[in-house]
Amino acid sequence: KIKSRKQVTDAFLKIGFMVNLFAYGSLMLPAVFQQVAKRVPRSTEARLVNFKRVCVQNESYPAALPAMGEQIIGTLWLDVSEEEILQLDAFEGSDYQRVIVNVSDLAGQPYAACFYQWNRDDGLVDQPWDLDWFKRSGISEFSRKFLQQ
């Protein structure tokens, strides 16, 4: 018996359907997505409302938390396969939970998408995470720690 939107998505993936994935941190970068999923699918810039992106303590990557009136601009990866989602699940680990959210592209077109939400009660710093900083400074440490070369 299917009880949640995630279970519906998992069921669709098992029979060959593709899903969308909203990325708001390191996975926004095509090179990182390629390293993890072994492919770079089509993408568009997208908006997730009522969430904010914050820093993870002592790490270069972010987390997202519910926050009324806030929004996150990220990358919506389109048509992601079950195998790719499983690779992404393993990469995100137990600190994140894959959930389904509604996002829209910047023209306002709505999409359902998978999204990795912080799954702990601690470990966050209530400061905004900056993609430009990550591209300039954080990516090298991140790559050494988390990406296989």
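To be clear, the structure that these remarks concern was listed above.
This report concerns the structure included in the present document. (Residues numbered from 1 in each chain as written. Predicted model: local features only at pLDDT ≥ 70, side-chain atom pairs only at ≥ 80, totals over all residues. Heavy atoms only, no water.)

### With respect to the pairing of strand 2 (residues 43-56)
Both strand 2 and strand 3 (residues 62-80) contribute to a ladder of twelve bridges, which runs antiparallel. In the sheet register, Lys52 faces strand 3, and the bridge partner there is Leu65. What sits between the antiparallel neighbours strand 2 and strand 3 is a turn of five residues, in which Asn58 has the positive phi angle 60°. Here strand 2 runs beside strand 4 (residues 96-105); their pairing, made up of two bridges, is antiparallel. The residue bridging Arg47 from the neighbouring strand is Ser104, located in strand 4. Two strands pair when backbone bridges link them, and strand 2 and strand 6 (residues 124-128) are joined in this way by three bridges, in the antiparallel orientation. Within strand 6, the position partnered with Val54 by the bridge is Pro128. (Pairing = 2+ DSSP bridges. Helix = DSSP H or I, 4+ residues; strand = E, 2+ residues; numbered from the N terminus.)

### Points about unusual backbone geometry
The backbone phi angle of Lys38 is positive, close to 70°, even though this residue is not glycine. A relative accessible area of 55% means that Lys38 is categorised as exposed. One non-glycine residue, Asn58, adopts positive backbone phi at about 60°. Its location among the elements puts Asn58 in the loop between strand 2 and strand 3. (Buried < 20%, exposed > 50% of the residue type's maximum accessible area, 1.4 Å probe, protein only.)

### Considering the side chain of Ser60
Within the element layout of this structure, Ser60 appears in the loop between strand 2 and strand 3. Judged by relative accessible area, Ser60 falls into the buried class, the value being 2%.

### Digging into the pattern of salt bridges
For the structure shown, the criterion picks out eight salt bridges. As a salt-bridge pair, Arg39 and Glu84 come within 2.5 Å of each other at their nearest N and O atoms. Of this pair, Arg39 sits in the loop between helix 2 (30-37) and strand 2 while Glu84 is found in helix 3 (residues 82-92), placing the two residues 45 residues apart along the sequence. For Glu141, the salt bridge identified is with Lys145, shortest N-O distance 3.8 Å. Placement of the pair is Glu141 and Lys145 together in helix 4 (residues 131-146), with a separation of four residues, close to one helical turn. The class for Glu141 is partly exposed, based on a relative accessible area of 33%. Because the salt bridges share partners, they merge into one network encompassing Glu59, Glu141 and Lys145. (Salt bridge = Lys/Arg side-chain N within 4 Å of Asp/Glu carboxyl O.)

### Looking at the packing of helix 2 against helix 3
For any two helices packed against each other, the geometry is given by the interaxial angle and the distance between the axes. Helix 3 packs onto helix 2 with a crossing angle of 105° between their chain directions and a minimal axis gap of 9 Å. Judged on the interaxial angle alone, helix 3 and helix 2 are roughly perpendicular. Residues Phe33, Val36 and Ala37 of helix 2 form the contact with helix 3, whose participating residues are Glu84, Gln87, Leu88 and Phe91. Among the residues making up the contact of helix 2 with helix 3, the classes are represented as five nonpolar, one polar and one charged. (Axes fitted to C-alpha atoms, helices over the stretch in contact; angles between N-to-C directions. Parallel < 35°, antiparallel > 145°, perpendicular 65-115°, else oblique. Contact = heavy atoms within 4.5 Å. Nonpolar A, V, L, I, M, F, W, Y, C, P; charged D, E, K, R; others polar.)

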